[in-house]
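Given next are the chains, with one letter for each unit.
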Amino acid sequence: MVFLKKSALCMAMCCCLLTVAYVSASAKTYHSADYNPSDYKISMSELIRVIQFYNIGDFHCDQSKEDGYGVGPGDKNCSFHDADYNPQDWKITLNELLRLVQFHNAGIYHVDTTNEEDGFAPGSGTGTPDPDVIEICGDEIDQDGDGRDNLFSIDPEKSLVFKIGVRQQDAARLCLPYIFDIKTVKQDGKEIQLPDNVVFDKKEGKFSWTPTSEQAGDYEFIFLVKETCGYDEVEITAYIVVKGTSRKQIADVSASPAFINPAAGEKTTISYTLDKPAAVTIELYKASVAISGWGDGIFRRELEMTLLNNQSRPAGQNSEIWNGKGADGKTLEPSAYVYVIKAVSSDKTYTYDPEYVSGLVDISNFTVSPLNFNPYANQSLELKYSLLQPAWVTIGGNGMPGFAVAGKPKDKGENIDKWDGRAEIWDDSGDTGKTMVVTGTLNLAAKAEILPENVIVIKEQDASLITDLSTEAYIIVPSYGEISTVKYTLSENAAVSISISDPNGNNWILLENETQSKGEHSAEWHGINADGKLVWPLTKTQNYYGYISEMPEGDYTVEISAESKASGITAVKRANIHVYR
């Protein structure tokens with residue numbers, strides 16, 4: 001049985017930029033909870049980290065972790081966490097947690113030496129950076145996984161302003177005051193002169209630029225922070241993507257609607273304008289954001305198909321229609337897809353391929369119901385929330401080995417997800433493939449990340465083709481000859497496939513592409529795997545004392561897929577069977 005507590009601390013996410021400021025190393029600088037990035041703001045993911053300490057009731061020093069602390073008992077030979085102040089006892093009390101919630105809700109905090117308890121106060125104050133000016137130090141998080149820190153994306157005629165700072169580890173070896181300079185500027189990989197409309201204050205390290213549409217492209221600025229002693233210097237690189245295409249060869253690009261259901265006959269129109277005739281190619285890439293912890297997702301894309309291949313198009317407005325189907329004529333699986341437009345005119349190739357820059361989207365009205373359910377009995381949980389704009393949504397919580405919703409593209413407005421109690425498990429590289437049925441009490445939280453501007457989403461199809469799915473019994477002991485019967489009802493004639501997978505990701509077919517009529521159906525599983533053997537023992541595990549023992553039980557996933565004979569719509573549903581030895 002799963003019991004859920006939806007904490008008010010996890011109700012909404014807010015957008016935050018890469019910000020790092022430098023304060024004298026002799027004084028307190030950032031709160032211990034402010035680490036990803038250190039920016040005088042407590043983000044939701046940073047707040048959830050401290051909620052973990054609060055829920056477990058203990059934490060310890062762990063330099064391998066990003067914030068320097070680990071959950072549960074362990075080594076305590078380091079400084080106390082700043083949230084642990086009254087008393088300092090390696091436990092986070094409710095009052096201490098609510099103090100951090102104050103900082104989160106205020107949107108910014110500052111060092112307050114007059115505060116004898118935690119040394120901080122909500123709101124702006126002495127020592128905090130100007131909230132309107134981004135400060136970069138060269139140690140920020142790579143937001144989209146492409147190897148580039150300090151990545152900014154701006155529209156032409158819009159202003160970008162930021163300041164150059166110094167990492168604390170560099171500050172210890174540099175003399176004050178600093179002198180700032182620009183070493184190198186590159187556009188699209190080629191070194192160029194500093195654009196005339198760039199303003200850079202070498203004394204303050206303040207950079208400002210309002211690029212024109214003619215300056216569209218990818219820029220790399222390498223800044224120097226020099227010490228007055230003249231012995232040492234630090235390089236800091238910033239990447240700036242000026243949106244658009246040079247010379248406006250491809251402009252006014254859009255896809256409408258951005259969310260489509262091909263099974264219902266919905267299509268999208270990709271519109272664009274050429275300033276001269278050209279041979280146009282449009283490629284579609286399957287896009288995803290891989291999740292690793294509660295940090296920023298890793299943006300990935302893989303070529304799916306070529307929608308238009310080197311076809312002549314006239315100058316002016318053009319449009320191409322996509323029905324959501326692949327090169328083989330079959331509807332592609334529900335996912336986000338990004339489109340790239342290439343136009344060849346004379347001997348030059350122009351490309352519309354906007355850089356993806358991640359950012360958080362406001363998510364509100366997050367509710368869960370019912371507050372307790374039994375996933376083994378194939379009961380589900382309804383997760384409801386609202387988005388201000390389309391986003392990738394992730395829902396998880398303390399005590400979960402994975403995520404209930406892992407980076408799914410969702411449209412703006414109200415959304416509802418049905419969760420069957422099975423968490424998707426991601427490794428450190430952001431790869432998934434395993435699931436686990438969750439038990440116990442959970443604190444659920446939701447996070448939303450912005451979708452790419454050139455995205456088209458194939459929506460998840462309605463699963464009403466399959467109803468009344470159950471496994472009876474949902475707990476079996478195969479060694480005693482017990483079996484489980486998969487029962488389901490089809491709302492119309494369909495081709496049905498049923499597969500079973502074990503906790504290690506191995507799967508086998510119980511039924512494959514069998515045409516079945518409208519009505520009730522069933523299939524029996526005798527606890528036998530693809531080799532005709534009983535499924536236990538499943539794995540081997542090493543316990544606390546080092547002994548190797550067999551793991552005799554586990555959660556199995558039943559997946560049923562039904563393709564409508566009339567419409568071609570495919571519905572997929574899952575159920576659980578728990579196996580005991």
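Residues numbered from 1 in each chain as written. Predicted model: local features only at pLDDT ≥ 70, side-chain atom pairs only at ≥ 80, totals over all residues. Heavy atoms only, no water.

Student: Let's hear about the overall build of the protein chain: which residues, and what values?
Tutor: Counting secondary structure elements, the protein chain contains three helices and 42 strands. The buried share of the protein chain, reckoned over its 581 residues, is 48%. Sequence-distant contacts in the protein chain: of pairs separated by 6 or more residues, those separated by 24 or more amount to 63%. Accessible area of the protein chain: about 27500 Å², with a carbon and sulfur share of 46%. (Helix = DSSP H or I, 4+ residues; strand = E, 2+ residues; numbered from the N terminus. Buried < 20%, exposed > 50% of the residue type's maximum accessible area, 1.4 Å probe, protein only. Contact = heavy atoms within 4.5 Å. Areas by Shrake-Rupley, 256 points an atom, 1.4 Å probe, with all protein chains shown as cover.)

Student: An account of unusual backbone geometry is requested, with residue identities and associated values reported.
Tutor: Cis peptide bonds are those with omega within 30 degrees of zero, and the linkage from N86 to P87 qualifies with 0 degrees. Mapped onto the elements of the fold, P87 is located in the loop between β3 (69-71) and α2 (94-106). Cis geometry is adopted by the peptide bond preceding P257, which originates at S256 and carries an omega value of -5 degrees. Inspection of the secondary structure assignment puts P257 in the loop between β15 (250-256) and β16 (259-260). If you check the backbone angles, D252 has positive phi at about 50 degrees while not being a glycine. Position of D252 relative to the elements: it lies in strand β15.

Student: Give a detailed account of the side chain of T485, specifying residues and quantitative values.
Tutor: You can see T485 is positioned in strand β35 (residues 484-490). T485 sits in the buried class, given a relative accessible area of 13%. What T485 contacts, discounting residues up to four positions off in sequence, is S470, T471, E472, A473, S522, A523 and E524.

Student: Before we move on, can you summarise the sheet that holds strand β10 (residues 190-191) with the specific residues and values?
Tutor: If you trace the five strands from one edge of the open sheet to the other, you get β7-β14-β13-β9-β10, paired in mixed fashion. Of all strands in the sheet, those with a lone pairing partner are β7 (151-154) and β10, marking the two edges. Bridge count for strand β9 (residues 178-187) against strand β13 (residues 217-227) is nine bridges, and the pairing is antiparallel. From the neighbouring strand, I182 faces β13, where its bridge partner is F223. (Pairing = 2+ DSSP bridges.)

Student: Lay out the environment of M305 with the relevant residues and their values.
Tutor: Structurally, M305 is set in strand β19 (residues 298-313). Sequence spacing of M305 and D328 is 23 residues, and the spatial spacing of their C-alpha atoms is 9.8 Å. When near neighbours in sequence (up to four residues on either side) are disregarded, M305 contacts E283, L284, W322, K325, G326 and A327.

Student: Describe in detail helix α1 (residues 44-56), supporting the description with residues and values.
Tutor: For an α-helix the count is 3.6 residues per turn, leaving residues at separations of three or four pointing the same way. Relative to the 18 Å expected for 13 residues at 1.5 Å per residue, α1 spans 18 Å between its end C-alpha atoms, a close match to the ideal helical length. Those residues of α1 lying buried are M44, S45, E46, L47, I48, R49, V50, I51 and F53. At its buried positions, α1 is contacted by β2 (59-61), β3, α2 and β31 (440-450). Looking one or two places after α1, you find G57, whose phi comes out positive at around 90 degrees. (Expected span 1.5 Å × (residues − 1).)

Student: How would you explain the state of the cysteines if you had to name every residue and give the values?
Tutor: Summed over the entire model, instances satisfying the criterion amount to one disulfide. Paired by a disulfide, C61 and C78 hold their sulfur atoms 1.9 Å apart. Torsion about the S-S bond of the C61 and C78 cystine: about -95 degrees, corresponding to left-handed handedness. With C61 in strand β2 and C78 in the loop between β3 and α2, the pair connects residues that are 17 residues apart, well separated along the chain. You can call C61 buried: its relative accessible area is 8%. Residue classification places C78 among the partly exposed positions, given a relative accessible area of 26%. (Disulfide = S-S within 2.5 Å.)

Student: Got a sec to walk through the pattern of salt bridges? Specific residues and values, please.
Tutor: Counting across every chain of the model gives 18 salt bridges. A salt bridge links E266 to K459; its shortest N-O distance comes to 3.8 Å. On the criterion of sequence distance, the pair formed by E266 in the loop between β16 and β17 (268-274) and K459 in the loop between β32 (455-458) and β33 (466-472) is long-range, its members being 193 residues apart. Residue class for E266 comes out partly exposed when judged on its relative accessible area of 31%. By relative accessible area, K459 is classed as partly exposed at 34%. Taken together, the shared-partner salt bridges in this structure form one network comprising K408, K410, D417 and E460. (Salt bridge = Lys/Arg side-chain N within 4 Å of Asp/Glu carboxyl O.)

Student: Residue-level account of the nonpolar core, with values.
Tutor: Nonpolar side chains tend toward joint burial in soluble globular proteins. Core analysis: the biggest nonpolar cluster contains 25 residues, and I42, L47, V50, I92, L100 and Y109 have the highest contact counts within it. Looking at this core, the elements that each hand over two or more residues are α1, β2, α2 and β4 (109-111). At six residues, α1 tops the list of elements feeding residues into this core. Excluding residues that lie within four positions of it along the chain, V50 makes contacts with A33, H81, A83, I92, L97 and L100. (Core = buried A, V, L, I, M, F, W, Y, C linked by side-chain atoms within 4.5 Å.)

Student: Just give me the short version of the environment of I475, but keep the residues and values in it.
Tutor: Mapping I475 onto the fold places it in strand β34 (residues 475-476). Overall, the relative accessible area of 39% leaves I475 in the partly exposed class. Linking I475 and V579, residues 104 residues apart in sequence, is a C-alpha distance of 6.0 Å. Ignoring sequence-local partners within four residues, the contact set of I475 consists of E482, H578 and Y580.

Student: So what about the packing of aromatic side chains? Which residues, and what values?
Tutor: Counted by the stated rule, this structure contains 27 aromatic pairs. Ring geometry for Y356 and W392: centres 5.8 Å apart, planes at 85 degrees, overall edge-to-face. Pair noted here: Y356 is in the loop between β22 (348-352) and β23 (363-369) and W392 is in strand β26 (residues 391-398), with a separation of 36 residues, a long-range link. W392 shares its class with Y356; the two are buried. (Phe/Tyr/Trp six-rings, centres within 6.5 Å; stacked < 30°, edge-to-face > 60°.)

Student: For the environment of Q516, give the residues involved together with the corresponding values.
Tutor: Structurally, Q516 can be placed in strand β37 (residues 507-516). Discounting residues that sit within four places of it in the chain, Q516 has contacts with Y488, L490, N493, A494, V496, L511 and H521. Of the polar contacts made by the side chain of Q516, one reaches the side chain of E514; its length is 3.0 Å. (Polar contact = N/O pair within 3.5 Å; in protein donor to acceptor, adjacent residues only side chain to side chain.)

Student: Please give an account of the confidence of the model for the protein chain that cites residues and values.
Tutor: In the predicted model, the protein chain carries a mean pLDDT of 79, and 80% of its residues have values of at least 70. Low pLDDT, under 50, characterises residues 139-147; the predicted model gives this stretch 27 contacts beyond four residues in sequence or across chains. Taken as a whole, residues 547-552 scores under 50 in pLDDT and shows 20 contacts with residues more than four places along the chain or in a different chain. (pLDDT = per-residue confidence, 0-100.)

Student: Hey, could you go over the pairing of β35 for me, with residue numbers and the actual values?
Tutor: Among the seven residues that make up β35, six are buried, leaving the element largely enclosed by the rest of the structure. In this sheet, β35 lies alongside β33 in antiparallel orientation, the contact comprising five bridges. In the strand pairing of β35, T467 is matched with T489. Relative to strand β38 (residues 519-525), β35 is paired through seven bridges, and the arrangement is antiparallel.

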